[in-house]
Amino acid sequence: MTGERVFTAVHIVVTGASGNVATALLRVLRRENWRVTGVARHRPDGPPYDRADWVTCDIGERGAVGRLAELFEGADAVVHLAWAIHPEREDPPMHRTNVSGTENLLAAMAKAHVPHLVAASSVAAYEAPHRWARVDENWPRQGIPASAYSRGKVVLERMLDEFEARQPEVTVARLRPCAILQHDAGSEFARWTLSPLLPKSLLGRRWLPLPWWTGLRAQVVHAADVAAAIRAIVARGAGGAFNLAAEPVLTGAQLARPFGGGPRIPVPRGPSRAGAWLGWRLGLQPLHPGWLALADQAALVDTDRARRVLGWRPEHDAHEVLAEMAAGLRTGAAVDSHPLRPLDRGPHVGRPTHQSQG
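For clarity, every value in this text was computed on a predicted model and none was experimentally measured.

Please provide a residue-by-residue account of helix α2 (residues 64–72), values included.
Those residues of α2 that sit buried are Ala-64, Leu-68, Ala-69, Leu-71 and Phe-72. Across the axial projection of α2, the buried residues extend over an arc of 160°, all falling on one side. The elements touched by buried residues of α2 are β1 (10–15), β2 (34–40), β3 (53–56), β4 (77–80) and α3 (94–112). One or two positions beyond α2, positive phi appears at Gly-74, with a value near 80°.

Printed below as a string of structure tokens:
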């Protein structure tokens, strides 16, 4: 790509380096002569993780600032991907990972004088616009009140605003992607979305009925295309916010098609959220109704800035991304990292399997 800086040797530190996006990033960087230090709570094994030097660290724990500052010394950029998206009951609390972890990371960056930060925010940070309107990076960042994930990204954005005001010499880039999918995240998304009582083999069957609500629409993007954007941001020394999404916007019928060929059962939003809450509370399915509120109200985004500034062109269209994700769900696709590990759960009827998103 034109406009890229010339490095003799690039060193980046990636937090959340065993997760969905970071796994794709390590694959993209196999072609680059970059030094990569991966930070994660659990060390992964095998390719593509052999592309990085590994440090096990919980960025949200007390005392993490000093350790992170040592890791960041001499780095050209920090890529902050660590985020508890839909943690299970036994995982560290979301606030500790997302808020305390980011506070520790920003303090360590200032201490180590790292010149460039690339932080993973989300379209979830935007307040809900008109259902079919597309928004650019200047749209208000007030979030979706019913979604803890959305509110967390609003807090992240404010923390980044404050950091930029305190550290004007640091270039800060913010990724604002929509739903990030790939085949190898199949087991992770199964843990997040599917009832433990539903055999994965039923997905895609012609007779499988699917509950859906009128007006549902969504954008998706492939993890490899998000990784390509990160690479371009670091290579160009770019700052500011970048919306990321593949084309086209998917309707409810298009979203349902790869997962079940049976009849679409129209379910009003209110009853669907009530049913989701009861199912989540009893451990019958993992989705807190906060996720349904986010799916219903999340902004559709315009990606013109990423295309202009980064030369970003997603290689996967939205239909391909969704079909690949559906295949990963059906087969239980996984790799040797803790977030993307094979599905390993059984029914936990009587209590929630995942932390509240309310």
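Talk me through helix α4 (residues 148–166); I want residue IDs and the actual numbers.
Here α4 contains 19 residues, and its C-alpha end-to-end distance of 27 Å stays within 8% of the 27 Å for a straight helix at 1.5 Å per residue. Residue Ser-147 occupies the N-cap position of α4, its side-chain oxygen lying 3.4 Å from the main-chain nitrogen of Tyr-149.

Tell me about the pairing of strand β12 (residues 240–244), and please be specific about residues and values.
Judged by how many residues are buried, β12 sits mostly within the fold: four of five residues are covered. With five bridges joining them, strand β7 (residues 171–177) and β12 adopt parallel strand pairing. Within β12, the position partnered with Arg-176 by the bridge is Asn-243.

Account for unusual backbone geometry, with residues named and values stated.
Among all residues except glycine, the phi angle is most often negative; among peptide bonds, the trans geometry is most common. Of note, the amide linkage connecting Pro-47 to Pro-48 takes the cis form, showing an omega dihedral of 0°. Along the polypeptide, Pro-48 turns up in the loop between β2 and β3. In this model, Glu-247 is joined to Pro-248 through a cis peptide bond whose omega is -5°. Tracing the backbone shows Pro-248 in the loop between β12 and β13 (250–251). A positive phi is found at His-113, a non-glycine position, where the angle reads about 60°.

Please set out the pairing of strand β5 (residues 116–120) residue by residue, giving values where relevant.
For β5, the tally of buried residues reaches five of five residues, placing the bulk of the element in the interior. With burial as the criterion, each face of β5 is covered, one bearing His-116, Val-118 and Ala-120 and the other bearing Leu-117 and Ala-119. Direction of pairing for β4 relative to β5: parallel, over a ladder of three bridges. Bridging across to β5, Val-79 finds its partner in Val-118.

I'd like a rundown of the packing of aromatic side chains, residues and numbers included.
All told, the structure shown has three aromatic pairs when counted by the stated rule. Ring geometry for Tyr-149 and Trp-291: centres 5.4 Å apart, planes at 35°, overall tilted. Taken together, the residues Tyr-149 in helix α4 and Trp-291 in helix α9 (residues 289–297) connect sequence positions 142 residues apart. Take Tyr-149 and Trp-291: they sit in the same class, and that class is buried. Lying across the ring of Trp-83, Lys-153 places its NZ or CZ 3.8 Å from the centre.

Just give me the short version of the pattern of salt bridges, but keep the residues and values in it.
Per the stated rule, a full pass over the model turns up 17 salt bridges. Here Arg-27 makes a salt bridge to Asp-184, at a shortest N to O gap of 2.7 Å. You can see Arg-27 sitting in helix α1 (residues 20–28) and its partner Asp-184 sitting in the loop between β8 (179–181) and α5 (186–193), a full 157 residues away along the chain. On the accessibility criterion, Arg-27 (32% relative accessible area) is partly exposed. The closest approach of N and O atoms between Arg-141 and Asp-161, which form a salt bridge, is 3.1 Å. You can see Arg-141 sitting in the loop between β6 (134–135) and α4 and its partner Asp-161 sitting in helix α4, a full 20 residues away along the chain. For Arg-141, a relative accessible area of 26% puts it in the partly exposed group. The network of salt bridges with shared partners includes Arg-141, Glu-157, Asp-161, Glu-164, Arg-174 and Arg-176.

Residue-level account of the sheet that holds β12, with values.
In a beta sheet, neighbouring strands are held together by backbone hydrogen bonds and run either parallel or antiparallel to one another. Spatially, seven strands are ordered β3-β2-β1-β4-β5-β7-β12 in an open sheet, and the strand pairing comes out parallel. Unpaired on one side and paired on the other, β3 and β12 mark the two borders of the sheet. Here the strands of the sheet are splayed against their neighbours by 20° on average, with no regard to which way each runs.

Go over a nonpolar patch on the surface with me, naming the residues and quoting the values.
Taken together, the side chains of Leu-197, Trp-277, Leu-278, Leu-282 and Leu-284 make up a nonpolar region of the molecular surface, amounting to roughly 450 Å² of accessible area. Within the element layout of this structure, Trp-277 appears in helix α8 (residues 269–281). The class for Trp-277 is partly exposed, based on a relative accessible area of 41%.

Scoring rules and cut-offs
Residues numbered from 1 in each chain as written. Predicted model: local features only at pLDDT ≥ 70, side-chain atom pairs only at ≥ 80, totals over all residues. Heavy atoms only, no water. Buried < 20%, exposed > 50% of the residue type's maximum accessible area, 1.4 Å probe, protein only. Helix = DSSP H or I, 4+ residues; strand = E, 2+ residues; numbered from the N terminus. Arc of directions from axis to C-beta. Contact = heavy atoms within 4.5 Å. Expected span 1.5 Å × (residues − 1). Polar contact = N/O pair within 3.5 Å; in protein donor to acceptor, adjacent residues only side chain to side chain. Pairing = 2+ DSSP bridges. Phe/Tyr/Trp six-rings, centres within 6.5 Å; stacked < 30°, edge-to-face > 60°. Lys NZ or Arg CZ within 6 Å of the ring centre and 35° of its normal. Salt bridge = Lys/Arg side-chain N within 4 Å of Asp/Glu carboxyl O. Axes fitted to C-alpha atoms, helices over the stretch in contact; angles between N-to-C directions. Patch = residues over 30% accessible without salt bridge, like charges linked within 9 Å, V, L, I, M, F, W, Y side chains within 5 Å. Areas by Shrake-Rupley, 256 points an atom, 1.4 Å probe, with all protein chains shown as cover.

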